[in-house]
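Geometric and topological summary
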Amino acid sequence: QVHVAESGGGLVQAGESLRLSCEASSAIVMINDMGWYRQAAGKQREKVAIINPDGSTDYTDSVKGRFTISRDNKSVYLQMNNLKPEDTAVYYCNVNGRQNWGNWRYYWGQGTQVTVSS
């Protein structure tokens, strides 16, 4: 069953922008932090940005000043400006939450492809 779903990826040229969205399903009844990760071909998955319930954020150095993470009750967003070819990767949404019957865990989306051409 899909609990987290991303959208908004695509093919753009360097310098352009994309906005990624991720929505947690109604089965996840409580949410703590949420974030975005990415994995380029042949590379390990890395953190892009994290946002906590109080609104505090943490960005990886390579995206500071270009990307902005935000959230509402059930969704997390990533505004990506001035995209660079090195941003090309599959972007994954991550939600730290729990269902009524379960413990806290990290839910992962299926990923959305972002490709930036030079």
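What counts, and at which threshold
- Note on numbering: residues in each chain are counted from 1, in written sequence order.
- In keeping with the predicted nature of the model, local features appear solely for residues at pLDDT of at least 70, side-chain atom pairs appear and are counted solely at 80 or more, and the whole-chain, interface and lining totals rest on all residues.
- Think of the side-chain values as coming from all heavy atoms in the structure, minus any hydrogens and water.
- Per the convention used, a helix needs a DSSP run of H or I reaching at least four residues, while a strand needs a run of E reaching at least two, with both numbered from the N terminus.
- We define a polar contact as two N or O atoms separated by no more than 3.5 Å, with the added condition that, inside protein, one atom must be a possible hydrogen donor and the other a possible acceptor, whereas residues neighbouring each other in sequence contribute only through side-chain atom pairs.
- Should any heavy atoms of two residues lie within 4.5 Å, those residues are counted as being in contact.
- Two strands form a pair only when DSSP identifies at least two bridges running between them.
- Lines are fitted to the C-alpha atoms to define the axes, a helix being fitted only along its stretch in contact, and any angle between axes, read from their N-to-C directions, falls within 0 to 180 degrees.

**Looking at the side chain of Arg66**
Mapped onto the fold, Arg66 is located in the loop between strand E6 (57-59) and strand E7 (67-71). At a separation of 2.8 Å, a polar atom in the side chain of Arg66 contacts the side chain of Asp87. Not counting residues up to four positions away in its chain, the partners in contact with Arg66 are Gln79, Met80, Asn81, Asn82, Leu83, Lys84 and Asp87.

**A few points about the sheet that holds strand E1 (residues 4-7)**
Spatial strand order, E1-E3-E8-E7: four strands in an open sheet with antiparallel pairing. Of all the strands in the sheet, the pair left with one neighbour each is E1 and E7. Going across the sheet, the axis of each strand differs from the next one's by a mean of 15°, ignoring polarity. Where E1 lies against strand E3 (residues 18-24), four bridges are found, and the strand directions are antiparallel.

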